[in-house]
Structures are given as C-alpha cells and as structure tokens.
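Residues per chain are reported as follows:
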Amino acid sequence: MYVVVVPMPGGRTALTTVSADGPPRILRTVDDDALAASVVELERTLHPRWTWADTEHAYPPLLAAGVRVDRCHDLRLCRAILRHSLWTAMSVLGRSAPDAWDAPRRPAPAPGAPATAEPLFELGRAAPPPDPVVELRAQLMALQTAGRHAARLGTLLAAESVGALVAAEMHAAGLPWRADVHDQILARELGARVPDGYRPALMEAKAAEVRDALGVGPVNPDSPVDLLAALRRAGLPVTSTSKWELQAVAHPVVAPLLEYKTMSRLFTANGWTWLDTWVHDGRFRPVYVVGGVVTGRWASDGGGALQLPHVVRDAVRADDGWRFVVADAAQLEPRVLAAMSGDGAMARAGRATDMYEGIVASGAVVDRQHAKYGMLGAMYGGTQGVSGQVLPQLRRAFPAAIGLVERAAEAGERGEQVMTWLGRTSPLPESGGVSPGGGAWGRPGTGSQDDGGGAGAGLAGPPGEGGGEGPSDERAVERAERSSASASQSRARAWGRFTRNFIVQGTAAEWALCWMAVLRQRLHALAVADTESSDAGSSDAGPSDAGPSDAGPLGAGSPDTGSPDTGDDASRGILGATAGPHLVFFLHDEVVIHTPAHLADEVVRIVEESAVEAGRILFGPAGENGVEFRLSVAAVTSYADAK
DNA sequence: TCACAGGGCGCC
DNA sequence: AGGGCGCCCTGTGA
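These notes cover the structure that comes with them. Within each chain, residues carry numbers counting from 1 in the order of the written sequence. Throughout, the order in which chains and ligands are written sets their labels, letters from A for the former and numbers from 1 for the latter. Local features in this predicted model are restricted to residues whose pLDDT is 70 or higher, and side-chain atom pairs enter the listing and the counts only when it is 80 or higher, whereas totals over whole chains, interfaces and linings include all residues.

Being near a molecule or strand means, for a residue, that its C-beta atom, positioned from the backbone, comes within 6 Å of it. Taken together, 17 residues are adjacent to DNA strand B, and Ser 240, Thr 241, Lys 243, Gln 307 and Pro 309 come closest. The residue makeup of the surface near DNA strand B, split by class, is five nonpolar, seven polar and five charged. Each residue is assigned to one class: nonpolar for Ala, Val, Leu, Ile, Met, Phe, Trp, Tyr, Cys and Pro, charged for Asp, Glu, Lys and Arg, and polar for all the others, Gly among them.

Bringing the nonpolar core into the picture now. Joined through C-beta atoms within 7 Å, a set of buried Ala, Val, Leu, Ile, Met, Phe, Trp, Tyr and Cys residues constitutes a nonpolar core. Put plainly, a residue is buried at 20 or more neighbouring C-beta atoms within 10 Å of its own, exposed at 12 or fewer, and partly exposed in between, counting only other residues' C-beta atoms, which are placed from the backbone. Membership of the largest hydrophobic core comes to 144 residues, with the highest contact counts inside it found for Cys 514, Met 516, Ile 593 and Val 607. Looking at this core element by element, the count peaks at 23 residues for helix 19 (residues 474-531). Contact criterion: two residues are in contact if their C-beta atoms, reconstructed from the backbone, are within 7 Å. Beyond its immediate stretch of four places on either side in the chain, Ile 593 contacts Phe 324, Val 325, Leu 523, Pro 581, His 582, Leu 583, Val 584, Val 603 and Val 607. Counting residues in hydrophobic clusters, the runner-up holds 16 residues, among them Ala 230, Leu 236, Val 253 and Tyr 260. By the criteria applied, helices consist of DSSP H or I runs no shorter than four residues and strands consist of E runs no shorter than two, each listed in order from the N terminus.

Quick look at the sheet that holds strand 6 (residues 175-176) now. Read from one edge to the other, the open sheet built from three strands follows the order 6-8-7, with strand pairing classed as antiparallel. The sheet is open, and its two edges are formed by strand 6 and strand 7 (279-280), each paired on a single side. Across two bridges, strand 6 lies against strand 8 (residues 283-284) in antiparallel orientation. Opposite Leu 175, over in strand 8, you have Phe 284 as the bridge partner. Each pair of strands is called paired provided DSSP finds at least two bridges between the two strands.

All right, on to the sheet that holds strand 2 (residues 12-18) then. The mixed open sheet is built from five strands, whose spatial order is 3-2-1-4-5. A strand with exactly one partner marks an edge of an open sheet, and here the two such strands are strand 3 (25-31) and strand 5 (72-74). Averaged over all pairs of adjacent strands, the angle between strand axes in this sheet comes to 25°, irrespective of strand direction. Where strand 2 and strand 3 come together, six bridges link them in antiparallel fashion. Each residue of the ladder has a partner; that of Leu 15, found in strand 3, is Arg 28. Interaxial angle, 0 to 180 degrees, is taken between N-to-C directions of lines fitted to C-alpha atoms, where a helix line uses only the stretch in contact.

All right, on to the protein's contact with DNA strand C then. Near DNA strand C you find 31 residues, and of these Thr 268, Ala 299, Gly 377, Gly 382 and Ser 387 are the closest. At the level of elements, helix 9 (224-233), helix 11 (254-270), strand 10 (299-300), helix 16 (368-380) and helix 19 are the ones that each hand at least two residues to the surface near DNA strand C. The element contributing the most residues to the surface near DNA strand C is helix 19, with five residues. Its residues assigned to classes, the surface near DNA strand C comprises ten nonpolar, 17 polar and four charged.

Here's what the structure looks like:
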C-alpha cells in the first residue's frame, strides 16, 4: 500500500492511496501544519510506503516534528534507476522523453535559510506541476516490464528509498563532534590558531625548512608552479610536485615538503575554517547525496563528509553516557564479487575473517600483499606491478570471479552497458557527445571519437577516401591513424576499467544499503523496546529467513505485492530519531551508531546480524558455497579508537 | 571580480 | 598511468 503525498495549492496536502488493485483514492486532504499528525496516525494504522517526489525535501520537516516513517518510495531516485536500467529500458517510462522529473537534484535549503515557497521542481511557466500519483503508477508499470527481474529491481528501489530516509535521519541527528578536541588536534599538528592569511607556527616553520633545504631562494610551497621551478633549480629530477614522484627522490627537501603538504591539507580542508563552517552545537551534519555517484554510492555535499581524514577523527566523541558502535565490512568488494559470480573457491577463501589471508591459504598466491593487490587490480583493471603479475594465478584459482569482471570490462570496451546485481545500469560512454550506434566504439581506425579537435579530427572516414582533403604526407597519415587508433583503444580500455569496477562497486553499494536498511529497522525496534521497559517481547522485529524477494526491512521485493506488517508497533513513527541508538555516519562500507552505553553490546549483535541479513536479501540463503560478509566491529568512545 | 581547469590529496 | 568521489589551491581567461 502506497500513500502518495501530493502537494496542493493553498498550503494543503492530499494523501492518496495507490494499490495494486483499484484506482487511486484520496484518503484525506490536510493543512500542511497538520501533516505530521496525519503521518503518525496513518503510520500506525496503515503502515504505508510513503511516496513523495523527493525525500530530501519531504522528510526533514517530519523529522523536525519528531516523526519517523518506516519506509518510503522516493520518486526522483527510483525514476532515475528505472529509466536507466536495461531491465526496464523498453517500458513507457524507459522510452519517454526527459521531463520535469528528470531535473537535477535540488539541494534542500540550509537550516536557517528562509523557507522558500518554491515548487517541487523548476518548471517552465506554463508547465503543470508533475503529478506524483501518475508518476508512481508509471514507475510500477515499468517495474512490471522487468519480468523475472522485477523482484531484484524492486529490492533496489526499496533500498535506495530507505537510503534516502537514513541520509535524512543522519543529517538530522548529526555526528557528535567536539570542537575543543578538534582545536587541540590542529594546535598539535599545525600550531595554535592564527588570524586568516597567516600560517600557524608549525606550518610556517616547515615552510622555512623546505626553503632552506632547497637553498634556491624564496619559494611558495602552496604554488605548484613556483615549487616545481624551485625543485628544478635545486637539481631535483622531477616533472611534477606530486607525492609519488617526490618519494622516489633522495634529497633533504623531500621529507619536510611531504610533511608540509600533509599539514597544508589538514589546514585547508579540515582546519579551523572547516570547524567554524560545519560544526555547530556539537554536531557535524553532512548532506549525504543518495545516488550521487553513478555506481550507486553516496556522495556528499559540503564539508567533505566522505573524506574525513583519520587525524581528526579523535574529535568525534560520543556524548556522556553514550558510545559509538563502529562497524566496517571486511573486504566487502571481493566478497561481493565472489557472491555475484557464484565462485565457490573464492567464497571458501572468504570463510577467513581476513579474506586476503584466505586467498593465501588457498594456495593461489604467496602472501597477503599479493592477494590484496591482485584482487584490487582485478576489480579496478590494474595491469602494472604486483596486480598484473598475480592476475593469472588468481584467474586460475577463481575463474568464475575473475571471469565476471573481465567480461564486464570487455562489454565496456565494446561500448555496452553493464548492470549491478540488482539492476543498476552503467551509463553509455561519452553520452554527452558522440552519437551512439556508430559501432566505432573501441574499434581502431573507424570513426573518430574526437580528440578535442586535434589531429584525430580529420579521420572521420578512412583516410584518402571520399572527397575530403586527407593529409598529403603518407607518413603523417599513418601517424595520425596510429594515434587515433591508440587513442581510441586507450579510451575503450579506460571505459572497460570503469564498467569492470562498476559492477563490483555498485553491488557493494547495494549490499551496504541493505545492511543499513536492516540495521535501521532493528535499531529502532531496540529503541522502542528499551523505552517500553515493561515490554517483554522480542527486540528483533525482522524475519529470520528472507530470501531475495521476500518481505523484510525493504518491504516486498516487488514493491506493490503488499507488505506484511512486521508487528503492531504502537509507537511506530513517534519515537524521536535520537532517543535511542541511531545511525550517525556512513562511509561506503562502514557505519557509526551512536547508542546509550547500556545498549552497546546489543547494538554490536544487531549490526552483525544485519550484515548476515543483507547478504541473504541480495544473494539468498548462504548455502554451502555462500559468501560470508564479515565485519570488524568496535564499541568506543572516540571514533579514532575504532581501528 | 568571477568561473573554470588542473594539480594534488583526503576518503572508500 | 587501477575504479569512484569532494575540496583545496593556484593560475588563467573573460
């Protein structure tokens, strides 16, 4: 049962039910300031899948009113998935021209900014507002065209949508952040804070060390051009100022320069300015951009939330009487690859807590370093060094797994699209320019893929053919042809590396979404149970054996088959988001939960069970060759103590 | 004065 | 010269 939240003129909202059988029905219309109360009531009685244009805009006001919803359908995010997925490409939705629903994400207004009465989408003056009921029905029809894949794709829609809920909830809760500790870290690393425009003392001293070590006069280490010139004057054989090139040089300037770079990075990216900008009232509130990466990973908007350097993580401190439970999935991507490919040998290697050690134990490679670099190289497309060297061994030991990524790479090189386990589909190469269907992708010598107007631009057809003026010098022709061919091949291989990685990174992102979906539900159940101390019932509301298409925390795999309630949770929707254990941070394969200290042990159990459940949701019950998804979990007071 | 590209580096 | 990001700085061009 879907309840669609339909904004109406005059500050009112219609709540409309949409179900598999029967036409849409307006349940009620309410004033916007009464919406939260209606949501709470319907959450209890109907437990619907709340359907709205954009969770990022619809959910924060509810959260501010203390209202949590269990599940939703985010029309903007789900539309993007359905329009791109190869499984729904032939649907009406898949074939329709772009419209207002395809508009780029509109960031939610910053807190404190004046509330705008903007429409949900930027539209031309005459365009009617998009009807979310119509859109939902179009999406459900599109999903049905996926046939036997509808269950998986439906799981993806539910997972993406619950991700949007989690993102909004984590933003609302904020990551506990001690500005005083952060300041101490900065003072220790850089020197005490100084006014804008000055370098802290330790940084200034390090810059002086660099200048003295070079001995060629004043140098601004912040200017790559100036710095490179000084390095060359001092006789260093470098062509750039990058770390990897400097590390290969034996010169007294290298050590202080690399240290300066590290300090400078901390100062500019996560220094006092960052602290003033992003931390308020003891909380860092990142804006997570769900679906912000083509692979399905999240991006972040402002504050660099997904790039928090380790050195500042000690400023992340649990509140008094609270703890963090920090969990990260061990070797998530290779485990996902093993599961996707059904590679039993690799799954067995994953029985080890450290999968790379398991690979060593299997006899495929000689040590952990080879296992790790070899697997990373296989998933990223590395050919050099250790990864290229051990690839043949890995291919022999794990033919199904390595074969899967190599087929994905070959497809990408041919210009074809690839899909994650749940059906998220890679974009077409060069979708911004070159017309598809030319057949020239990756095939040297035919069709110029345009080198930016350079030498390759004259090779639209075979040289010397047609009435065009080909280069008169045959050697030049050959040179240009070779250059075009190799440029084309190199582009094709680059795209192959992208599609190779896409299937693994994207499926890992799906696993992480499922993990959080289960976790979120069980944490909430724990919070409710803890609040109602008289309640003797189980704190585990989740089903124990949900297969890929069964109902579970993601609702039904196919979202309109109806979804059994997971309990008669009387407090559903009314428990404040931060009253009990709750998610506060997410980093691709890692979560941080902020929990009252007395629940920390239970939270550790829950986060582990949730990982097992995520594996079941995606890949079904783990049989003999099933892949185990291992976690590294710690209950800590400081985030820095997690690893 | 502004927007943008590129170098560089933080995270996974 | 291995995939995906965001953010800082500088330098450049308008």
